[in-house]
Amino acid sequence: MKYKTITVFTNHNDADLVSSAMFDAGAGGVSILDRQDFCDLVKSDVIWDYVDESILLAGDEVKVSTVADIDDEEFAVRLTERLARMKEDGGISYGEIIEDVIDAADYENEWKKYYKPIPTDNITVVPTWIKYEPQKGERIMRLDPGMAFGTGSHATTRMCLDLLDVKDKDVIDVGCGSGILGIAAKICGARSVYMCDIDMQAVEFAQKNAELNGIEAQIECADLIKGERTADFIIANITADILMRLANDIGKHLRQNGEIVLSGIIDSRLDEVISCYESAGYEVVTRKSMDDWRALKLRRK
């Protein structure tokens with residue numbers, strides 16, 4: 001099976017903004033190849049098992065890539081229009097946009113080269129193909145992201161993992177992707193976990209990863225808003241526009257004294273999201289920042 005790849009050339013400071021534009025255009029996942037990220041990793045305390053040393057030879061230009069169905073002509077149009085509007089607003093700089101075609105197997109193997117263990121406050125996410133010896137008491141999740149779904153390296157996911165306060169709680173993960181947040185919640189002591197996504201491929205990967213970790217969870221292809229399920233803790237790592245659309249309906253799924261964690265919010269959209277949820281009757285109890293991204297933990301007023 002073949003897929004279309006779209007790569008945007010930009011710089012270190014604007015890579016996350018290009019990534020956000022791709023998600024806004026409908027991307028299921030984004031890959032950022034940035035020499036500066038490797039240099040920052042070398043200076044950090046993070047342990048990794050594999051790094052492609054060719055990254056050291058790369059220049060300062062950053063490549064942000066995603067994939068689309070081979071017959072999807074509209075994605076590139078939406079992305080180009082979104083980037084152009086951001087550029088006109090003075091918020092982004094980018095260069096060439098390149099489209100290519102790649103075999104699915106080749107694409108997945110190419111991405112594997114840049115994955116590494118991701119430590120967070122609550123759990124360490126380790127790709128299945130990497131050897132990793134956990135420290136005493138360290139909670140580990142093994143993950144096979146599959147094509148176009150993340151392993152937790154993106155700031156939006158890492159902040160959600162840091163904010164998991166789920167022991168003995170029933171949890172809902174909205175837009176679960178590869179299942180990383182729902183699985184992590186169960187490993188961190190959640191009583192039960194329900195995961196849903198409107199993308200059947202995401203559901204299949206989430207089911208596979210739950211089995212890989214010996215986790216019991218209900219995972220289905222569904223739109224949460226159309227159901228009646230309730231929980232003590234709801235996680236939604238999506239885009240700002242979708243989060244705001246959820247604001248007036250998500251409350252019917254949240255039990256008394258429950259909490260919601262929202263992520264996927266680019267800094268420039270934070271005030272909009274907060275205002276939207278405050279109008280819907282919530283108050284912010286925790287804010288978290290990483291790179292240009294923001295996450296919130298909310299509770300009803």
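Residues numbered from 1 in each chain as written. Predicted model: local features only at pLDDT ≥ 70, side-chain atom pairs only at ≥ 80, totals over all residues. Heavy atoms only, no water.

Student: Tell me about the overall build of the protein chain, and name the residues and values.
Tutor: In terms of helices and strands, the protein chain carries nine helices and 14 strands. Considering the protein chain as a whole, with its 301 residues, one finds that 50% of them fall into the buried category. Counted over contacts in the protein chain with a minimum sequence separation of 6, partners at least 24 positions apart contribute 67%. For the protein chain, the exposed area adds up to about 14500 Å²; of that, 45% sits on carbon and sulfur atoms. (Helix = DSSP H or I, 4+ residues; strand = E, 2+ residues; numbered from the N terminus. Buried < 20%, exposed > 50% of the residue type's maximum accessible area, 1.4 Å probe, protein only. Contact = heavy atoms within 4.5 Å. Areas by Shrake-Rupley, 256 points an atom, 1.4 Å probe, with all protein chains shown as cover.)

Student: Requested: an account of the environment of glycine 227, with residues and values cited.
Tutor: Relative to the assigned elements, glycine 227 resides in the loop between strand S10 (218-221) and strand S11 (231-237). According to the relative accessible area criterion, glycine 227 is partly exposed, its value standing at 24%. A sequence separation of 26 residues divides glycine 227 from histidine 253, and the C-alpha atoms of the two residues are 8.6 Å apart. Leaving out residues up to four positions away in the same chain, glycine 227 has contacts with Lys252 and His253.

Student: Describe the packing of aromatic side chains, listing the residues and the values that go with them.
Tutor: Following the criterion strictly, the structure yields one aromatic pair and no others. Arranged with centres 5.7 Å apart and planes meeting at 55°, the rings of tyrosine 277 and tyrosine 282 form a pair that is tilted. For the pair formed by tyrosine 277 and tyrosine 282, the shared burial category is buried. The side chain of lysine 87 reaches across the aromatic face of tyrosine 94, ending 4.8 Å from its centre. In this structure, arginine 229 is placed above the aromatic ring of tyrosine 194, and the distance from its NZ or CZ to the ring centre is 3.9 Å. (Phe/Tyr/Trp six-rings, centres within 6.5 Å; stacked < 30°, edge-to-face > 60°. Lys NZ or Arg CZ within 6 Å of the ring centre and 35° of its normal.)

Student: For the sheet that holds strand S7 (residues 140-143), give the residues involved together with the corresponding values.
Tutor: In space, the three strands of this open sheet follow the order S5-S6-S7, with mixed pairing throughout. Taken across any chain shown, the strands that pair with only one partner, and hence form the sheet edges, are strand S5 (118-119) and S7. Taken together, the four bridges between strand S6 (residues 124-127) and S7 define a ladder with parallel strand orientation. Looking at S7, one finds that valine 125 is bridged to methionine 141. (Pairing = 2+ DSSP bridges.)

Student: Give me the lowdown on the nonpolar core, citing residues and values where you can.
Tutor: Counting residues in each nonpolar core, the largest one holds 54 residues, and the members touching the most others are Met22, Leu79, Leu83, Met141, Leu161, Val166 and Val171. In this structure methionine 141 touches Ile123, Thr124, Val125, Val126, Ile180, Ile183, Ala184, Ile187 and Asn213, once residues within four positions along its chain are discounted. In this structure, Val174, Leu224, Leu254 and Ile274 belong to the second largest nonpolar core, which totals 26 residues. (Core = buried A, V, L, I, M, F, W, Y, C linked by side-chain atoms within 4.5 Å.)

Student: I'd like a description of unusual backbone geometry, backed by residues and values.
Tutor: Although it is not a glycine, asparagine 257 sits at a positive phi angle of roughly 65°. On the secondary structure map, asparagine 257 appears in strand S12 (residues 254-266). Here aspartate 291, not a glycine, exhibits a phi torsion of approximately 55°, which is positive. Among the secondary structure elements, aspartate 291 is positioned in the loop between strand S13 (282-290) and strand S14 (293-300).

Student: Describe the pattern of salt bridges, naming the residues involved and giving the relevant values.
Tutor: One pass over the full model with this rule turns up 14 salt bridges. For aspartate 170, the salt bridge goes to arginine 255, with nearest N and O atoms at 2.6 Å. One end of the pair, aspartate 170, is in strand S8 (residues 170-174); the other, arginine 255, is in strand S12, with 85 residues separating them in the sequence. Overall, aspartate 170 belongs to the buried group, its relative accessible area being 11%. Assessed through its relative accessible area of 29%, arginine 255 is described here as partly exposed. We note a salt bridge from arginine 269 to glutamate 272, for which the minimum N-O separation is 2.6 Å. Exposure remark for arginine 269: the relative accessible area of 14% places this residue in the buried category. (Salt bridge = Lys/Arg side-chain N within 4 Å of Asp/Glu carboxyl O.)

Student: Describe the packing of helix H5 (residues 155-162) against helix H6 (residues 180-187), naming the residues involved and giving the relevant values.
Tutor: Interhelical geometry of H5 versus H6 gives an angle of 20° and a closest axis separation of 10 Å. As judged from the angle between their axes, H5 and H6 are roughly parallel. Between H5 and H6 lies a crossing of right-handed hand. Across the interface between the two elements, Thr157, Cys160 and Leu161 of H5 pack against Ile180, Leu181 and Ala184 of H6. Residues of the contact of H5 with H6, tallied by class, amount to five nonpolar, one polar and no charged. (Axes fitted to C-alpha atoms, helices over the stretch in contact; angles between N-to-C directions. Parallel < 35°, antiparallel > 145°, perpendicular 65-115°, else oblique. Left-handed = near helix turned anticlockwise from the far one by under 90°. Nonpolar A, V, L, I, M, F, W, Y, C, P; charged D, E, K, R; others polar.)

Student: Pulling in residues and values, what's your account of H6?
Tutor: With six of its eight residues buried, H6 lies for the most part within the structure. If you check which residues of H6 are buried, you get Ile180, Leu181, Gly182, Ile183, Ala184 and Ala185. The first or second residue beyond H6 is glycine 189, which carries a positive phi of 105°.

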